[in-house]
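Spelled out from the first residue to the last, the chains are:
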Amino acid sequence: MEIRLAAIDDAQVIYDIEQQSFSVPWSLESVLAELEGADNKLYMVICEDNHIVGYAGAWLVYDEGQITNIAIIPSARGKGYGSELTKQLIDECFKRGMYEIFLEVRISNLPALSMYRNLGFSVKGIRKDYYSEPKEDAYIMSLVSEEIE
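Summary of the structure given here. (Residues numbered from 1 in each chain as written. Predicted model: local features only at pLDDT ≥ 70, side-chain atom pairs only at ≥ 80, totals over all residues. Heavy atoms only, no water.)

1. What to know about the environment of I14
The test is simple: We count a stretch as a helix when DSSP gives it H or I for four or more residues in a row; a strand needs E for two or more, and each element gets its number in order from the N terminus. A contact between two residues is defined here by any heavy atoms of the two lying within 4.5 Å.
Along the chain, I14 falls in helix α1 (residues 11-21). Put simply, I14 and V31 are 17 residues apart on the chain and 7.3 Å apart in space, counted from C-alpha to C-alpha. In this structure, I14 is in contact with A6, V31, L35, V45 and Y55, ignoring residues within four places of it in sequence.

Structure, rendered in structure tokens:
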């Protein structure tokens, strides 16, 4: 297993993972835009046998990180890749001066909720009807840097 920063050449694979993972996936153009000009963005991929099996991203705004997406291909789920990738993303956000990291997650996504809680995230609120297709509320979760607490 290898975790590295995502490159523009990874866009097609990230797009393919989007298609397999989300009911409303990002377009290829959106993925490309996220990977370009990465001063305020951070995207990482996780590879198994030199093949990308997942990715995670965050927007970096002042001293806060906002996790955009975390996705692992279906055949690689349940192996701990999501947790390892998210840990690395968090570490990199904190290294870049982020004080707190936020995310939204479907209230029905029990595997993701369990992973986030195990990583130290806590629920801060609910966004009503945040997701479409299917319409669902989201938990707002956050994690504060231990170095600053």
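2. Digging into a nonpolar patch on the surface
Inclusion rule: Surface patches are drawn from residues lacking salt bridges whose relative accessible area is over 30%; two like charges belong together within 9 Å, two nonpolar side chains (Val, Leu, Ile, Met, Phe, Trp, Tyr) within 5 Å. We get accessible surface area from the Shrake-Rupley algorithm with a probe of 1.4 Å; when it comes to residues, only the shown protein chains can shield them. Salt bridge, as applied in this entry: a Lys or Arg side-chain nitrogen positioned within 4 Å of an Asp or Glu carboxyl oxygen. Think of it in three bands: with a 1.4 Å probe and only protein chains considered, a residue is buried below 20% of the maximum accessible area for its type, exposed above 50%, and partly exposed in between.
Side chains of W59, V61 and Y62 sit close together on the surface and give an oily, nonpolar patch of about 390 Å² of accessible area. For Y62, the position within the fold is in the loop between β3 (51-61) and β4 (64-72). For Y62, a relative accessible area of 79% gives the class exposed.

3. A closer look at the state of the cysteines
Note the threshold: We call a pair of cysteine sulfur atoms a disulfide whenever their separation is within 2.5 Å.
Per the stated rule, a full pass over the model turns up zero disulfides. The thiol of C47 is unpaired, and the distance to the nearest cysteine sulfur, on C93, comes to 19 Å.

4. Examining the packing of α1 against helix α2 (residues 28-35)
Helix-helix packing is described using two parameters, namely the angle between the two axes and the distance between the axes. Note the threshold: For helices, the fitted line uses only the C-alpha atoms of the stretch in contact; every axis is such a line through C-alpha atoms, and the angle between N-to-C directions lies from 0 to 180 degrees. Oblique is the label for every angle not falling under 35 degrees (roughly parallel), over 145 degrees (roughly antiparallel), or within 65 to 115 degrees (roughly perpendicular). Helix crossings are classified by the rotation of the near helix relative to the far one: an anticlockwise turn of less than a right angle makes the crossing left-handed, while a clockwise turn makes it right-handed.
Across the interface, α1 lies against α2 with an axial gap of 9 Å and an inter-helix angle of 125°. It follows from the interaxial angle that α1 and α2 lie oblique. Crossing of α1 over α2 shows right-handed handedness. Residues A11, Q12, I14, Y15 and E18 of α1 pack against L28, V31, L32 and L35 of α2.

5. Comments concerning unusual backbone geometry
A cis amide bond links E133 with the next residue in sequence, P134, at an omega value of -5°. You can see P134 is positioned in the loop between β6 (122-131) and β7 (136-144). Unusually for a residue other than glycine, D129 sits at a positive phi of about 50°. Among the structural elements, D129 can be located in strand β6. Taking the relative accessible area as the measure of exposure, D129 reaches 45% and is therefore partly exposed. Positioned with a positive phi, E133 is a non-glycine residue whose angle comes to about 50°. In this structure, E133 sits in the loop between β6 and β7.

6. Let's talk about the nonpolar core
Rules: The definition of a nonpolar core used throughout is a set of buried Ala, Val, Leu, Ile, Met, Phe, Trp, Tyr and Cys residues joined through side-chain atoms within 4.5 Å.
Counting residues in each nonpolar core, the largest one holds 41 residues, and the members touching the most others are Y116 and F121. Other than its neighbours up to four places away in sequence, Y116 contacts I70, L103, V105, F121 and M141.

7. Focus on helix α4 (residues 110-118)
A turn of α-helix holds 3.6 residues, and therefore any two residues three or four places apart point the same way. The condition that has to hold: Regarding the arc, it is the one traced by the directions from the helix axis to the C-beta atoms. Any N or O atom pair separated by 3.5 Å or less is treated as a polar contact, with the protein-specific requirement of one donor-capable and one acceptor-capable atom, and with residues adjacent in sequence counted only for side-chain atom pairs.
Residues of α4 that are buried include every one of A112, L113, M115 and Y116, and no others. Down the axis of α4, the sector holding all buried residues measures 165°, keeping them to one side. Exposed positions of α4 whose direction lies more than 90 degrees from the buried face are L110, P111 and N118. Buried-residue contacts for α4 involve β4, α3 (81-95), β5 (100-106) and β7. Regarding α4, its N-cap is N109, as a side-chain oxygen of that residue lies 3.2 Å from the backbone nitrogen of A112 further along. Remark: G120 follows α4 within two positions and exhibits a positive phi of approximately 105°.

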